[in-house]
Amino acid sequence: MVTNMDKVSQGSQVALKQEISLLHGVCLIVGNMIGSGIFVSPKGVLLHTGSFGLSLVVWAIGGVFSVFGALCYAELGTTIRKSGASYAYILESFGGFLAFIRLWTSLLIVEPACQAVIALTFSSYLVQPFYPTCSAPNDAVRLIAAAIICLLTFVNCMKVKWGAILQVVSTVAKVLALIVIIIAGLVRLCQGKTQNFADSFTGSKVNPGDMALALYAALYSNLPLSIAISMPIVTVIYILTNIAYYAVMDMETIMGSEAVAVTFADEILGWARWLIPLAVAISCYGSLNSSIIAASRLFFVGSREGQLPKVLCMIHIHRYTPIPALLFNGGMSLVYLCVHDVFQLINYFSFNYWLFIGLSIGSLIYLRIKAPDMHRPVKLSLFFPVVYCLCTLFLVALPLYSDTINSLVGIGVALSGVPVYFLLLLAVHTEDVPLLLSLSRY
């Protein structure tokens, strides 16, 4: 993810400006990782582990696994000083083809569909207090979702720091909401109400398939210091939040809840229970903002590398923001709001997501062999990337067996970029094809 922007003026050259501090970096990472999931559906881990005790173990393992990945990204980010994160690492190590497929899947479905889902979740919880006994009108929810996408796109077009400041505010708000949940749960435990933790490992599911699916649910997705601060914060918050949930609600209540944090609030917060739907909305707002920042910079970098139309790497000459990339990203997200069941699209992502995460970390190992003398301000033991890649290989292979149809759809989305890539190559080398040539120069 590009969080650093750098303004350089050389003659008529204009570039992005560095305006994101350590605090902004921490808040972007924490805000992106702590999404609505911890409020809405932490039961995913519990579903596949079968017990409170094992689910907490899986949350801890997920935290360690995420720290391994974050440390690997710290080395890559300080070694390959290019914008674009995993796209840039794959491009540098494995060439344009795999990098374009990664870019294509993000552009075609991953980024816009995820942003549409986050925006819909935001609007649903924002209006929930006004419809306490029934569901909110679907059209109203989608209109509010469209409005928040447009608003955040506008804010990020105006000034980089505006988006970063909004991210700080939303991250502080959602962390405070989680602290309220944690304190309420700890108070319940201090009152001696620990019956839910009796025999906490009874009923645990320890077969590899369930354990892997539980780990999927527990994993939460570039500055080294930002990462060092962010990852322990997120891991501790997630574990303590789940302990609070388990202290207040039994397994049957959690499994039957559509939004665990809202059920928790109804059980224990009394008149303040309205704060939780608001906290979910704020959480989604922060996640959406950081996703818009990341996706627009990805498209900006892809254009700068010649793999997307040149207009997407244009920068406003006064505001130094990538307005075309932001508008393109916002437009794609609005298109996905028109899809009847946009949530179903999320099921297609896991294969592609972990494949390209694995390739990104694999590039660290590849560059250690190919370019051993490359300057590396941060240099890890190979133990970290090797272990991470082996785990990622498992997470890539598992869906092919356990969720074959959705995995095949995801593979199909990725493979649809192959003819596009070779058509663009043909356009670059064939002057007798006006249409292709015009596309390559767009």
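Residues numbered from 1 in each chain as written. Predicted model: local features only at pLDDT ≥ 70, side-chain atom pairs only at ≥ 80, totals over all residues. Heavy atoms only, no water.

Novice: Can you walk me through the overall build of the chain in this structure?
Specialist: Looking only at helices and strands, the chain has 20 helices and two strands in total. The 442 residues of the chain split such that 52% are buried. (Helix = DSSP H or I, 4+ residues; strand = E, 2+ residues; numbered from the N terminus. Buried < 20%, exposed > 50% of the residue type's maximum accessible area, 1.4 Å probe, protein only.)

Novice: How should I be thinking about helix H5 (residues 86-94) in this particular structure?
Specialist: Since one α-helical turn is 3.6 residues long, residues separated by three or four positions face the same way. By the criterion of burial, H5 is predominantly enclosed, with seven of the nine residues buried. Listing the buried residues of H5 in full gives Ser86, Tyr87, Ala88, Tyr89, Ile90, Leu91 and Ser93. Once H5 finishes, Gly95 follows within two positions and takes phi at roughly 95 degrees, a positive value.

Novice: For this particular structure, what's the right way to read the packing of H5 against helix H6 (residues 96-127)?
Specialist: Relative placement of two packed helices is described by the angle separating their axes and the distance separating the axes. The contact between H5 and H6 brings their axes to 7 Å, and the two run at 160 degrees. By the angle class used here, H5 and H6 are roughly antiparallel. Between H5 and H6 lies a crossing whose hand is right-handed. Counting all contacts with H5, which are made through Ser86, Tyr87, Ile90, Leu91 and Phe94, the residues of H6 involved are Gly96, Leu98, Ala99, Phe100, Arg102 and Leu103. A breakdown of the residues in the contact of H5 with H6 according to their chemical character gives eight nonpolar, two polar and one charged. (Axes fitted to C-alpha atoms, helices over the stretch in contact; angles between N-to-C directions. Parallel < 35°, antiparallel > 145°, perpendicular 65-115°, else oblique. Left-handed = near helix turned anticlockwise from the far one by under 90°. Contact = heavy atoms within 4.5 Å. Nonpolar A, V, L, I, M, F, W, Y, C, P; charged D, E, K, R; others polar.)

Novice: Help me out: how do you make sense of helix H17 (residues 383-402) in this one?
Specialist: The end-to-end C-alpha distance of H17 is 29 Å, a good match for the 28 Å that 20 residues give at a rise of 1.5 Å each. Along H17, the positions that sit buried rather than exposed are Pro385, Tyr388, Cys389, Thr392, Leu395, Val396, Leu398 and Pro399. (Expected span 1.5 Å × (residues − 1).)

Novice: What exactly am I supposed to notice about the packing of aromatic side chains here?
Specialist: Given two aromatic rings, their pairing is described by the distance between the two centres and the angle made by the two planes. Per the stated rule, a full pass over the model turns up 16 aromatic pairs. Seen from their ring centres, Phe52 and Tyr246 are 4.1 Å apart, and the 5 degrees between their planes marks the pair as stacked. What makes Phe52 buried here is its relative accessible area of 4%. Taking the centre distance of 5.9 Å and the plane angle of 50 degrees together, the rings of Tyr73 and Tyr89 count as tilted. Of this pair, Tyr73 sits in helix H4 (residues 52-79) while Tyr89 sits in helix H5, placing them 16 residues apart in sequence. Summarising the burial analysis for this pair, Tyr73 and Tyr89 share the class buried. (Phe/Tyr/Trp six-rings, centres within 6.5 Å; stacked < 30°, edge-to-face > 60°.)

Novice: Explain the confidence of the model for the chain here, please?
Specialist: Low pLDDT means the predicted coordinates in that region are not meant to be read closely. Averaged over all residues, the pLDDT of the chain equals 78, while 78% of them reach at least 70. When mean pLDDT is taken per element in the chain, helix H14 (residues 323-337) scores highest with 92 and strand E1 (residues 9-10) scores lowest with 40. Scored below 50 in pLDDT, residues 1-12 makes 36 contacts in the model with residues more than four places away or belonging to other chains. Here residues 431-442 scores under 50 on pLDDT; set against residues more than four positions off or in separate chains, the count is 11 contacts. (pLDDT = per-residue confidence, 0-100.)

Novice: Explain the nonpolar core here, please?
Specialist: Within soluble globular proteins, side chains that are nonpolar generally end up buried alongside one another. Counting 57 residues, the largest nonpolar core has Ile181, Tyr245, Tyr246, Phe264 and Ile276 as its most contacted members. The element contributing the most residues to this core is H6, with nine residues. Contact partners of Tyr246, with chain neighbours within four places excluded, come to Leu46, Phe52, Ser55, Leu56, Trp59, Asn196, Phe197 and Ile254. Grouped together as the second largest cluster of nonpolar side chains are 22 residues, Val301, Leu312, Ile315 and Ala414 included. (Core = buried A, V, L, I, M, F, W, Y, C linked by side-chain atoms within 4.5 Å.)

Novice: Just checking my understanding: could you explain the packing of H6 against H14 for this structure?
Specialist: Axis separation between H6 and H14 bottoms out at 8 Å; the angle between their running directions is 70 degrees. When the interaxial angle is binned, H6 and H14 end up roughly perpendicular. Relative to H14, the crossing made by H6 is right-handed. Only Phe328, Asn329, Met332, Ser333, Tyr336 and Leu337 of H14 make contact with H6, whose side of the interface consists of Leu107, Leu108, Ile109, Pro112, Ala113, Gln115, Ala116 and Leu120. In the contact of H6 with H14, the residues fall into 11 nonpolar, three polar and no charged.

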